[in-house]
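Overview (structure and organization)
Listed below are the residues making up each chain.
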Amino acid sequence: MSKPITNYEDVTVYGLDDDIETQLIAEQNECTFGWVTKDGAPMAAIMSYLRTDDGTFWMTASGQRKRIPAIRRDPRVVVTITSSGTTMRAGRTVTYKGIATVHDDDETKAWFYPALAERLMAKYGQQRVDEFAKMLDSPRRVIVAIAPGVRVGYDGQKMSRATVEAREAGALKFD
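What you are looking at is a predicted structure, and each value in this text was computed from that prediction instead of being measured.

Turning to the sheet that holds strand β3 (residues 50-51), a few remarks are in order. If you walk across this open sheet you meet the seven strands as β2-β1-β5-β6-β7-β4-β3, and the pairing is antiparallel. Both edges of this open sheet fall to β2 (42-48) and β3, since each of them pairs with a single strand only. Pairing geometry for strand β1 (residues 30-36) and β2, over seven bridges, is antiparallel. Across the sheet, the residue bridging to Val 36 is Pro 42, located in β2. Lying over the sheet, helix α3 (residues 106-121) contacts β2, β3, β4 (57-62), β6 (92-103) and β7 (141-155), oriented at roughly 100° with respect to β4. Sheet strands touched by helix α5 (residues 156-168): β6 and β7. Its angle to β7, the strand with the most contacts, is close to 15°.

Shown next, in the form of structure tokens:
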């Protein structure tokens, strides 16, 4: 058994395990998507996503949204997914630095809109899936693919367990 913790200085020891990360990405349907503005400032929005088997994250927005010219200018982005609102409870998260590419071709739209609609609307039935896919197909809409790079995962449930173990071992005495 390892020595009980006495503080939260190094939380890197509470990394997110691969199986939990897979579950998190499957259960959650929203992420925080961040980009860099023209003046170098960070900006973010909550967006729905689809992740394909190759690890790419896919999202969509209308082309006139400010994030689209921003990522065309500087494709460095970030994607953060949390467990809040899932069956996993809050406290787990994974963040990826990535490089974004904007797609506006019909071939990408043809597979992406139905796939995202299925992911987000399947529980409401096929009519809602079809309706959502059709509504996405608007004139200025584009699709953003994010190739993930550096990954940082955190599992707060591990930290909670370590805290309980430290308390039970008598290591958390504060005067």
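What follows is about α5. Over its 13 residues, α5 extends 18 Å from the first C-alpha to the last, a length consistent with the 18 Å expected when each residue adds 1.5 Å. Residues of α5 that are buried: Gly 156, Gln 157, Lys 158, Met 159, Ala 162, Thr 163 and Ala 166. Residues of α5 that are buried sit in contact with β6 and β7.

Moving on, we get to the pairing of β6. Pairing analysis gives seven bridges linking strand β5 (residues 76-82) to β6, with the strands arranged antiparallel. Its bridge partner lying in β6, Ile 81 is registered against Val 94. Relative to β7, β6 is paired through eleven bridges, and the arrangement is antiparallel. Directly across from Thr 93, in β7, lies its bridge partner Tyr 154.

Let us look at the packing of aromatic side chains. For the structure on display, the rule yields seven aromatic pairs. Ring plane angle 35° and centroid distance 5.7 Å describe the contact between Phe 33 and Trp 35, whose orientation is recorded as tilted. One aromatic cluster is present, formed by Trp 58, Trp 111, Phe 112 and Tyr 113 through successive ring pairs. Over the ring of Tyr 49 we find Arg 119; its NZ or CZ atom is 4.7 Å from the centre of that ring. Note that Arg 128 overlies the ring of Tyr 124, its terminal NZ or CZ placed 4.7 Å from the centroid.

Another aspect to go through is unusual backbone geometry. Of note in the backbone geometry, Arg 89 takes a positive phi value of approximately 70° without being a glycine. Counting through the fold element by element, Arg 89 comes out in the loop between β5 and β6. Look at Arg 89 and you get exposed, because its relative accessible area is 56%.

All right, on to the packing of α3 against helix α4 (residues 126-136) then. Across the interface, α3 lies against α4 with an axial gap of 8 Å and an inter-helix angle of 135°. With respect to each other, α3 and α4 are oriented oblique. In this structure, the crossing between α3 and α4 has a hand that is right-handed. On α4, the residues that touch Tyr 113, Pro 114, Leu 116, Ala 117, Glu 118, Leu 120 and Met 121 of α3 are Gln 126, Arg 128, Val 129, Phe 132, Ala 133 and Leu 136. Among the residues making up the contact of α3 with α4, the classes are represented as ten nonpolar, one polar and two charged.

About the criteria used
- Each chain has its residues counted from 1, following the order in which its sequence is written.
- Local features in a predicted model are, by the rule used here, given only for residues with pLDDT of at least 70; side-chain atom pairs are given and counted only at 80 or more, and totals for whole chains, interfaces and linings are based on all residues.
- Excluding hydrogens and water, the side-chain figures rest on all heavy atoms present in the structure.
- A pair of strands is labelled paired if DSSP reports no fewer than 2 bridges between them.
- Going along the chain from the N terminus, every DSSP run of H or I of four or more residues is numbered as a helix, and every run of E of two or more is numbered as a strand.
- We call two residues in contact whenever any of their non-hydrogen atoms come within 4.5 Å of each other.
- All axes are obtained by fitting lines to C-alpha atoms, using only the stretch in contact for helices, and the reported angles, taken between N-to-C directions, cover 0 to 180 degrees.
- In this scheme, a helix's expected span is set at 1.5 Å multiplied by one less than its residue total.
- Throughout, exposure labels follow a simple rule: accessible area from a 1.4 Å probe, protein chains only, divided by the maximum for the residue type, with under 20% read as buried, over 50% as exposed, and the rest as partly exposed.
- Each Phe, Tyr or Trp ring, with Trp reduced to its six-membered ring, pairs with another whose centre is within 6.5 Å; inter-plane angles below 30 degrees give stacked pairs, above 60 give edge-to-face pairs, and intermediate values give tilted ones.
- By definition here, charges over rings are those cases where NZ of Lys or CZ of Arg is within 6 Å of the ring centre and within 35 degrees of the ring normal.
- Note on angle classes: values under 35 degrees are labelled roughly parallel, values over 145 roughly antiparallel, values of 65 to 115 roughly perpendicular, and the remainder oblique.
- Less than a right angle of anticlockwise turn of the near helix away from the far helix marks a crossing as left-handed, whereas a clockwise turn marks it as right-handed.
- Put simply, Ala, Val, Leu, Ile, Met, Phe, Trp, Tyr, Cys and Pro go in the nonpolar bin, Asp, Glu, Lys and Arg in the charged bin, and everything else, Gly too, in the polar bin.

So far we have only geometry, and geometry alone does not tell us how the molecule works.
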